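An overview of the molecular structure
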Amino acid sequence: MNKIVFIDDDTDIRATYELSMQMMFGELFEIVCLDVKPSLKEMMLTLDTIPDKVTYLIDEKLKHSGVATYTGSELVEQIRFIDTKIPIYMLTSYAGEIEQYFGDVEFVIDKNDWDSDEEEENLKKRFLRHINTYADIKSTQAKRFDELFEKSIFSTLSNDEIKEFDALNIGRSKALVDERLISEESLAELKAASDELDDIYNNLKTDNDE
């Protein structure tokens, strides 16, 4: 199931918003609420283990508990290096303080506005619109990645295609990278098997000709 990831360093806030988002989305998405890790690297490694992410909601004041050494904005910047398209929302009680980071997120959500039923419905519509757009983008990217990967097996990619292939591969999971490495090894085995079959075919053809 596709997952919405909520990150906050406060246990009570995580519990509150997990319930709120479960009521908002029902069975459409799994809500994954995460506590912070001490370093950005540890946090990014944790996020990397979660498959099928479609949205992030991140609190700006992640240092409040004294565990994290980074802000929500700094975490957003790291996520953007990995995935430039995934919807990210900044959740904060101090919306005016993070306008400078607005370009890295879809929009900033004031926690004080979330309690309104009308605002919740508006947020849901915006979330779903962004998530559906992201799904379309990922589907198109995945199709193009597969096309280039298949071409790389049977022919040579141009320099532009190699750059495109590498760009498409940046945001893909480690599992896929590992899978690709395995596939390259398997391709060598398949080529060897194919050569053997060619030899067998040629020998049979020679025998029939005689």
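Our structure's up above, just so we're on the same page.
Conventions used here
Residues numbered from 1 in each chain as written. Predicted model: local features only at pLDDT ≥ 70, side-chain atom pairs only at ≥ 80, totals over all residues. Heavy atoms only, no water. Phe/Tyr/Trp six-rings, centres within 6.5 Å; stacked < 30°, edge-to-face > 60°. Helix = DSSP H or I, 4+ residues; strand = E, 2+ residues; numbered from the N terminus. Buried < 20%, exposed > 50% of the residue type's maximum accessible area, 1.4 Å probe, protein only. Lys NZ or Arg CZ within 6 Å of the ring centre and 35° of its normal.

Remarks on the packing of aromatic side chains
Any pair of aromatic rings gets described here by the distance separating the centres and the angle formed by the planes. Applying the stated criterion to the full structure yields nine aromatic pairs. For the pair phenylalanine 25 and phenylalanine 127, a centre-to-centre distance of 6.0 Å together with 40 degrees between the ring planes defines the contact as tilted. Of this pair, phenylalanine 25 sits in helix α1 (residues 11-25) while phenylalanine 127 is found in helix α5 (residues 117-154), placing the two residues 102 residues apart along the sequence. Take phenylalanine 25 and phenylalanine 127: they sit in the same class, and that class is buried. A centroid spacing of 4.7 Å and a plane angle of 65 degrees characterise the contact between tyrosine 89 and phenylalanine 127, whose relative ring orientation is edge-to-face. You can see tyrosine 89 sitting in strand β4 (residues 88-92) and its partner phenylalanine 127 sitting in helix α5, a full 38 residues away along the chain. For the pair formed by tyrosine 89 and phenylalanine 127, the shared burial category is buried. Taken together, the ring pairs in this structure connect Phe25, Phe29, Tyr89, Phe107 and Phe127 into an aromatic cluster. Positioned above the aromatic ring of phenylalanine 107, the side-chain terminus of arginine 126 is 3.8 Å from the ring centre.

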